[in-house]
Amino acid sequence: MNTTITGEILIGQRAIDNGQRTLKAVNPATGETLAPDFAQAGPAEVEQACAAAWAAFDTYRETRLEDRARFLEAIGDQIMQLGQALVDRAVAETALPAARIEGERARTVGQLRLFAQVVRAGEFLDVRVDTAMPDRQPLPRPDLRLRNIALGPVAVFGASNFPLAFSVAGGDTASALAAGCPVIVKGHPAHPGTGELVGRAIQAAARECGMPEGVFSLLLGGIETGTSLVQDARIKGVGFTGSRTGGLALVDIASKRREPIPVFAEMSSINPVFLFPAALAARAEELGKAFIGSLTMGAGQFCTNPGIVVALDSPDLDRFLKAADATLSSHVPSAMLTPGIHGAYQKGVQALETAQGVQLCARGGTGEGPNRGAAAVFSTAVSNFLSQEALQHEVFGASSLVVRCQRPEDMREIAERIEGQLTVTLHMEEADYELARGLVPILERKAGRILANGWPTGVEVAHAMVHGGPFPATSDSRFTSVGTLAIRRFLRPVSYQSLPSQLLPETLRSENLGRVSRLEDGKRLLP
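Residues numbered from 1 in each chain as written. Predicted model: local features only at pLDDT ≥ 70, side-chain atom pairs only at ≥ 80, totals over all residues. Heavy atoms only, no water.

Novice: What is the right way to look at empty space enclosed by the protein in this model?
Specialist: Gaps between atoms show up when a probe of the same size as a water molecule is rolled over them. Applying the stated criterion across every chain yields a total of seven cavities of 30 Å³ or more. When its volume is computed, the largest cavity comes out at roughly 80 Å³. Forming the walls of the largest cavity are Phe 240, Phe 264, Ala 265, Glu 266, His 467, Thr 474, Asp 476, Phe 479, Thr 480, Ser 481 and Arg 489. When residues of the lining of the largest cavity are assigned to their parent elements, the largest contribution, three residues, is made by strand 11 (residues 263–266). Residue classes in the lining of the largest cavity are distributed as four nonpolar, four polar and three charged. (1 Å grid on protein atoms, 1.4 Å probe; cavity = no way out; pocket = protein on both sides within 12 Å on 5 of 7 lines; lining within 4 Å. Points joined across faces, edges and corners; volume = space filled by probe spheres on them. Helix = DSSP H or I, 4+ residues; strand = E, 2+ residues; numbered from the N terminus. Nonpolar A, V, L, I, M, F, W, Y, C, P; charged D, E, K, R; others polar.)

Set out below in structure tokens:
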């Protein structure tokens, strides 16, 4: 497969150079500028991409389920065919190690193949049939048939911290394409070459599978490009992973359209970790070491990073912090993803260093080269944490705050006072179960995923995964951006009343030509 990076804009099956080559990729580990320069999309390119997506929509959403599944698998195959060129470029643009990129590539391809299975099964259509009851008294019942259809063209905003799994062919794109929605990706400027390689892989898969041309486009650009994309009347939904500021800006734009549309934004989370007394007594040192491993993974640039630790003040907590300090003291940080992210991290750490009642407990090394963020662990009293809302703010990077509680009731109060979260983690022994039992109902209201005796970094792509949560973790807590339930974001139900069989979709006809399961007169029927 051709792995030449040209810096062009990808719209449908075309590659366009509009002459606006103002974006340069930079290696954050060295500061080196990477060739080529990239064209940024303006209003004309946004218009072309939206027009192509709209023209493709009605055809693509009615593609046979098998054909759509093969398309998703073909995307994965084309990504793998990029070989080492993709890994090398992603490493150069992100400073992430090759092993991390290879793992992320496997996750990206794996979730495409998982959504292909979902499409083949057809259960996401949620087919329901209530057959006519003309003799029912006092009123007859009409024939009613329901299925989910694709929402419409979707704008996807690539994330900075996952150049593959949350980017051009990441979970938002995979789930939207699986639902039957054409996708326009606004690529992240931190890894434009990686994005182009993956974008061309999607183009190749679309050609191979005979998909309508406008099923996919890739645009680069700034705030104006993203704003124009979300404001376009042909866009019917938005997928976003990034900062709270960015996510809320898109929510605001989408809500002010003549036709408001949903924005599924994954934004901000500090992912509290509760250390219960018996667990600390049994394994404080082990927990301290593992905590630092989770905190510093990927330079702390995970949306599930353990940003606060909650525990009863005790000698066992001191043992935990001593082990964390010993582990962190030898840690050498890698470069962060961009100079902007590094600068924001430095400001966040400085704010904690100067915050009233906050003490520095452990500090990692600074390393050599640009954009290295020294990891840091702070501590504070529970009263101080509860009185300063700013201490709940996310610091994106390897920084965490340990909150020292005086009594078990303090842990409950923290659980009540924290904002919505992607994850909450409980470290406990059997002796802690009674204390934990009182927290679980609160935490169910606060988080999308509750973990026991693990660490939140790392999200399994599976049927039972939720990567979402109450605001500000996400803009809509009813949905997930990881796992097969992510497809539900880009669907809506349509009911067909007394339509002639010839006008019904194949999956709703009595002969069930689409061969999918259905709920018929309240009974589950398999194909």
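Novice: What is the right way to look at the domain arrangement of the protein chain in this model?
Specialist: Many descriptions give the size of an interface as the accessible area lost when the pieces come together. Taken domain by domain, the protein chain consists of domain 1 (9–267 + 478–489) and domain 2 (272–452). Counting residues at the interface gives 16 residues for domain 1 and 16 residues for domain 2. When the area that domain 1 buries against domain 2 is broken down by residue, the three leading residues are Pro 28, Asn 161 and Glu 266, summing to 36%. There are one salt bridge connecting domain 1 and domain 2. With a shortest N-O distance of 3.0 Å, Arg 244 and Glu 419 are connected by a salt bridge. One can count four residue pairs in polar contact (both at pLDDT 80 or more) joining domain 1 with domain 2. (Domains from an automatic or database assignment. Contact = heavy atoms within 4.5 Å. Buried area = accessible area lost by both parts, 1.4 Å probe. Salt bridge = Lys/Arg side-chain N within 4 Å of Asp/Glu carboxyl O. Polar contact = N/O pair within 3.5 Å; in protein donor to acceptor, adjacent residues only side chain to side chain.)

Novice: It is not clear to me how the UniProt feature "domain: Aldehyde dehydrogenase" (unreviewed entry) in the protein chain should be interpreted in this structure. Could you clarify?
Specialist: According to UniProt, the "domain: Aldehyde dehydrogenase" (unreviewed entry) feature falls on residues 19–457. This span, residues 19–457, is 45% helix and 19% strand, and a straight line between its end C-alpha atoms measures 41 Å. (UniProt positions renumbered as here; feature names shortened; annotations may be inferred.)

Novice: How do you make sense of the sheet that holds strand 19 (residues 491–497) when you look at a structure like this?
Specialist: Ordered in space as 19-6-5-20-21, the five strands form an open sheet in which the pairing is mixed. Looking at the sheet topology across the chains shown, the edges are occupied by strand 19 and strand 21 (523–525). Averaged over all neighbouring strand pairs, the angle between strand axes comes to 25°, with direction disregarded. Relative to strand 21, strand 20 (residues 518–520) runs antiparallel, the two sharing three bridges. (Pairing = 2+ DSSP bridges. Axes fitted to C-alpha atoms, helices over the stretch in contact; angles between N-to-C directions.)

Novice: What is the right way to look at the pattern of salt bridges in this model?
Specialist: Pairs may arise between side chains of opposite charge once their charged atoms sit close together. A complete count under the given rule lists 36 salt bridges for this structure. Residue Arg 489 pairs with Asp 172 through a salt bridge whose shortest N-O separation is 2.8 Å. Of this pair, Arg 489 sits in the loop between strand 18 (447–452) and strand 19 while Asp 172 sits in helix 5 (residues 171–179), and the two are 317 residues apart along the sequence. Here Lys 256 and Asp 252 are joined by a salt bridge, their closest N and O atoms 3.2 Å apart.

Novice: Just checking my understanding: could you explain the packing of aromatic side chains for this structure?
Specialist: The relation between two aromatic rings is expressed through the spacing of the ring centres and the mutual angle of the planes. All told, the structure shown has nine aromatic pairs when counted by the stated rule. With a centroid separation of 5.7 Å and an interplanar angle of 90°, the aromatic rings of Phe 264 and Phe 490 are classed as edge-to-face. Remark: Phe 490 occurs in the loop between strand 18 and strand 19 and Phe 264 occurs in strand 11; sequence separation between them is 226 residues. Taking relative accessible area as the criterion, Phe 264 reaches 8% and is therefore assigned buried. Taking the relative accessible area as the measure of exposure, Phe 490 reaches 0% and is therefore buried. Through pairs of rings, three or more aromatic residues link up here, namely Phe 162, Phe 166 and Phe 302. Note that Arg 68 overlies the ring of Tyr 60, its terminal NZ or CZ placed 5.7 Å from the centroid. (Phe/Tyr/Trp six-rings, centres within 6.5 Å; stacked < 30°, edge-to-face > 60°. Buried < 20%, exposed > 50% of the residue type's maximum accessible area, 1.4 Å probe, protein only. Lys NZ or Arg CZ within 6 Å of the ring centre and 35° of its normal.)

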